[in-house]
Amino acid sequence: MSMDTSHLRESQIFDRATIHDIQRAASEGIYKIRGFGAKRKLPHFDDLVFLGASVSRYPLEGYREACGTDVTLGARHAERPLTIDIPVTIAGMSFGSLSAQAKEALGRGASAVGTSTTTGDGGMTQEERGHSTKLVYQYLPSRYGMNPDDLRKADAIEVVVGQGAKPGGGGMLLGHKISERVAEMRTLPKDIDQRSACRHPDWTGPDDLEIKIRELREITDWQVPIYVKVGATRTYYDTMLAVKSGADVVVVDGMQGGTGATQECFIEHVGIPTLPAVRLAAEALRELGLHRTGVQLIVSGGIRSGADVAKAIALGADAVSIGTAALIALGDNRPDLAAEYEKLGTAPGFYEDWQAGRDPAGITTQDPDLSKRLDPEKAGQRLANYLRVLTLEAQTLARACGKSHVRNLEPEDLQALTIEAAAMAKVPLAGTGWIPGQGF
Amino acid sequence: MNTIDLETTDLRRANRLLQGRAREGGAERTFTVTNPRGAHALAAGLDRAIDVTIQGHVGYYCAGMNQKASVTIEGNAGVGVAENMMSGTVRVTGDASQSAGATAHGGLLVIEGNAASRCGISMKGVDIVVRGSVGHNSAFMAQAGHLVICGDADDGLGDSIYETVIFLRGAAKGLGADCEEKEITADDRKILAALLQRAGLTDQDPGAFRRYGSARRLYNFKIDNLGAY
Ligand SMILES: Cc1cc2nc3c(=O)[nH]c(=O)nc-3n(C[C@H](O)[C@H](O)[C@H](O)COP(=O)(O)O)c2cc1C
């Protein structure tokens, strides 16, 4: 029989996880690097509810009355704007952090439901181009694998300024994930710890960015949309400056956003949550007169369900993108891998060592034996199922609010359950007309 | 020969002519561009073997992502000349601003004057030959290719360098983290002589250069190197 621990009181400040962190730091002498996103409790979409229809608003009939979900991105400057059939896209995740099989599975799943995938730090692979009908090519500070041929093969270009998990930080790919193919694509020796630069090598500030975007348009003959992705920090100003620099689409990634490998102190302590970030970005676009018209807003960071999708859209996003949830849909953190996770000192539901390259699900690894375990077709089907559920859920909520297109959701449809969420999202605390900061 | 006057032709049309995308001028192989007046992204995205001479100073990203073309700038170049070049040759007869040849994967960039800071930043296989001196943090995080500097280098040369080889004739004010002087072998001198030859700088004596590269001490994260991170 195990000992009775009911009399032991855990410290709030020095809880067991914190004590473990200190012990780990003392023994290893180096900061903790991990994958996944912020794990601590943050104000989020759960703190909002939809009002639904009432006497003064009438709902749409589920399944019978249409509720549109398509989004057209980048019609402002591009000759070929990108239309996605559902308001959920797959976020940029590098080949290197993910196996080729995982990239292929993401492409298959997204293409099955008519949405886009995104490359990542490390260039474009044939697997993802071949299996993604709509592919966004990231233009990152490292410029690993960057070349004009791939640039011209892209359906959109995303200039990455930052990421929610680490605004102001560069990339990291530890030596044990650098296979020969990854090393070659990045023009670097095998087995070394690769750090991707945190700043672009040939531009700084919004005036330069404007010239850079012009150059990318000249190289691609003004055919495809150009996005600018920022980690959520000074989101209102970043949105304004990205638009001023010529972005067709602004991508804002909240602090909950996932990562392949980042210092834990960065993941948990830099950036603002997705909730205020959506509202700030939408506010900037409204002020510029471009919201829902000229420039689109894509939001990411902790999107899990159709409710999250619908709430992000109601607060002003045109679409959302997902990283972590997509990997889980492919098979990450699966219960049937419990024995294998145990060997790695973890358990299903807790696995976060995406930096380590030993993923038993074959997703965040470059090990040929492990990555072989992921069947790209089956995993792609799981992702497609999941994306369909997100879409159906978002439609269900939109219909309940009487909207014939998810984009017609608006802040007026929402109320907040906490004062924090009310203040951050600027929607009233439930049952009151009160938005903190806006009087009584 | 085709002359494109930027006083009367807008940038987009000029680039489409050079890129061979415009309906006319597709068969032309030699172009002269006049009145560039600091235009940005001029001759960017070329991907065919043509000769382009630009008479005057250019702005940012001239010949950006160049493939196969040979571009000569008769004047000074702004930030990021030949950035991410893949192949071909870009020659600047004057000085080049910051980040010349940034992230370029191939080809040859010749700067007959001086280059400002971060020349060859994150270069990935290009060969860069500078007749004059380079500014601070040149060859920062440089991954592959050669950087030849006939003059001096400012502080932080080769900071966090990977496998790029630097040949420096003058003095380096300071080397960046993990950059060190290496022994120069007869084979190295042959490579250097060939680079100088290709750049047309045959008056430079390969025997007068020193070689720098990565000490490879920062390749894997070690706590003992904490001071360098
Ligand atoms: C394994 C992994 C790799 C990633 N790699 C990149 C990358 O290369 N470039 C980038 O901009 N963002 C990268 N991200 C961040 C995602 O693009 C996205 O912003 C984030 O995952 C969204 O938050 P979510 O995971 O909560 O959905 C990565 C995320 C993960 C999980």
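Just so you know, these numbers come straight off a predicted model, no measurement behind them.

Asker: Which residues make up the overall build of chain A, and what are the values?
Answerer: When its secondary structure is counted, chain A shows 15 helices and 16 strands. For chain A, whose C-alpha radius of gyration is 22 Å, the value lies close to the compact-globule estimate of 22 Å for 440 residues. Overall, chain A is about 65 × 60 × 45 Å in size when its C-alpha atoms are taken along their principal axes. The proportion of buried residues among the 440 residues of chain A is 60%. In chain A, 67% of the contacts between residues at least 6 apart in sequence involve partners at least 24 apart. Carbon and sulfur atoms provide 54% of the accessible area of chain A, an area that totals close to 17800 Å². Charged side chains in chain A number 49 positive and 56 negative. The centres of these two groups are separated by 1 Å.

Asker: Mind laying out the interface of chain A and chain B, listing which residues take part and the relevant values?
Answerer: Contact with chain A, which involves 39 residues of that partner, is made by 36 residues of chain B. The contact between chain A and chain B buries some 3200 Å² in all, and 55% of this surface belongs to carbon and sulfur atoms. The interface formed by chain A and chain B holds six salt bridges in total. Among the salt bridges present, the one from arginine 143 of chain A reaches glutamate 83 of chain B, with a minimum N-O distance of 3.7 Å. At the boundary of chain A and chain B, one finds 17 residue pairs in polar contact (both at pLDDT 80 or more). Here the side of chain A that touches chain B takes eight residues from helix α6 (residues 205-219) of chain A, the largest share from any one element. Of the residues belonging to the side of chain A that touches chain B, the class tally is 17 nonpolar, six polar and 16 charged.

Asker: Break down the site of the ligand for me, with residues and values.
Answerer: Residues and elements named next belong to chain A. As a matter of local geometry, the ligand sits amid 25 residues, with Gly92, Asp253, Gly302, Gly323 and Thr324 nearest to it. At 2.7 Å, a backbone N or O of glycine 92 approaches an oxygen atom of the ligand. The side chain of aspartate 253 places a nitrogen or oxygen atom 2.6 Å from an oxygen atom of the ligand. Bound to the protein, the ligand loses 97% of the 610 Å² it would expose on its own.

Asker: Describe the sheet that holds strand β15 (residues 319-322) of chain A, listing the residues and the values that go with them.
Answerer: Residue and element names in this part refer to chain A. Taken together, eight strands build an open sheet; the order of strands is β5-β15-β14-β12-β11-β8-β7-β6 and the sheet is parallel. At either end of the open sheet lies a strand with only one pairing partner, and these are β5 (88-90) and β6 (117-118). Where strand β11 (residues 226-231) lies against strand β12 (residues 249-253), five bridges are found, and the strand directions are parallel. Residue pairing for β12: tyrosine 227 is matched across the bridge by valine 249. Together, β12 and β14 (296-300) form the strand contacts of helix α9 (residues 274-287), whose direction differs from that of β14 by roughly 175°.

Asker: Go over a nonpolar patch on the surface with me, naming the residues and quoting the values.
Answerer: All names here are of chain A. A surface patch of nonpolar side chains, about 400 Å² in accessible area, is lined by Ile13, Phe14, Ile19 and Ile22. Looking at the element boundaries, isoleucine 13 is found in the segment before α1 (16-28). Under the relative-accessibility criterion, isoleucine 13 is labelled exposed at 63%.

Asker: Please provide a residue-by-residue account of unusual backbone geometry, values included.
Answerer: Glycine aside, a negative phi is what most residues show, and trans is what most peptide bonds show. A positive phi angle is found at alanine 41 of chain B, which is not glycine, with a value near 60°. When you line up the elements, alanine 41 of chain B lands in the loop between β2 (30-34) and β3 (51-55).

Asker: I'd like to hear about the environment of lysine 173 of chain B, residue by residue, with values.
Answerer: All names here are of chain B. By the element assignment, lysine 173 lies in the loop between β9 (165-168) and β10 (179-182). We classify lysine 173 as exposed; its relative accessible area is 63%. Setting aside residues up to four positions removed in sequence, lysine 173 forms contacts with Ala153, Asp154 and Asp155.

Asker: How would you sum up the confidence of the model for chain B? Please name residues and give values.
Answerer: Averaged over chain B, the pLDDT score is 95; the fraction of residues at 70 or greater is 94%. The ipTM for the predicted assembly is 0.95, set against a pTM of 0.96.

Asker: Mind laying out the pattern of salt bridges, listing which residues take part and the relevant values?
Answerer: Side chains that differ in charge, positive against negative, can pair when their charged atoms come close. Applying the stated rule across the entire model yields 47 salt bridges over all chains. For glutamate 180 of chain B, the salt bridge is made with arginine 217 of chain B, and the minimal N-O distance between the two is 3.9 Å. Within this pair, whereas glutamate 180 of chain B is found in strand β10, its partner arginine 217 of chain B is found in the segment after β11 (210-214), the two being separated by 37 residues in sequence. Exposure remark for arginine 217 of chain B: the relative accessible area of 49% places this residue in the partly exposed category. A cluster of three or more residues bridged by salt bridges with shared partners is formed by Lys32, Arg34, Lys39, Arg40, Glu264, Glu268 and Glu352 of chain A.

About the criteria used
Residues numbered from 1 in each chain as written. Chains lettered and ligands numbered in written order. Predicted model: local features only at pLDDT ≥ 70, side-chain atom pairs only at ≥ 80, totals over all residues. Heavy atoms only, no water. Helix = DSSP H or I, 4+ residues; strand = E, 2+ residues; numbered from the N terminus. Rg over C-alpha atoms; globule rule 2.2 N^0.38 Å. Buried < 20%, exposed > 50% of the residue type's maximum accessible area, 1.4 Å probe, protein only. Contact = heavy atoms within 4.5 Å. Areas by Shrake-Rupley, 256 points an atom, 1.4 Å probe, with all protein chains shown as cover. Lys, Arg positive; Asp, Glu negative; His and termini not counted. Charge placed at Lys NZ, Arg CZ, Asp CG, Glu CD. Buried area = accessible area lost by both parts, 1.4 Å probe. Salt bridge = Lys/Arg side-chain N within 4 Å of Asp/Glu carboxyl O. Polar contact = N/O pair within 3.5 Å; in protein donor to acceptor, adjacent residues only side chain to side chain. Nonpolar A, V, L, I, M, F, W, Y, C, P; charged D, E, K, R; others polar. Near = heavy atom within 4 Å. Pairing = 2+ DSSP bridges. Axes fitted to C-alpha atoms, helices over the stretch in contact; angles between N-to-C directions. Patch = residues over 30% accessible without salt bridge, like charges linked within 9 Å, V, L, I, M, F, W, Y side chains within 5 Å. pLDDT = per-residue confidence, 0-100.

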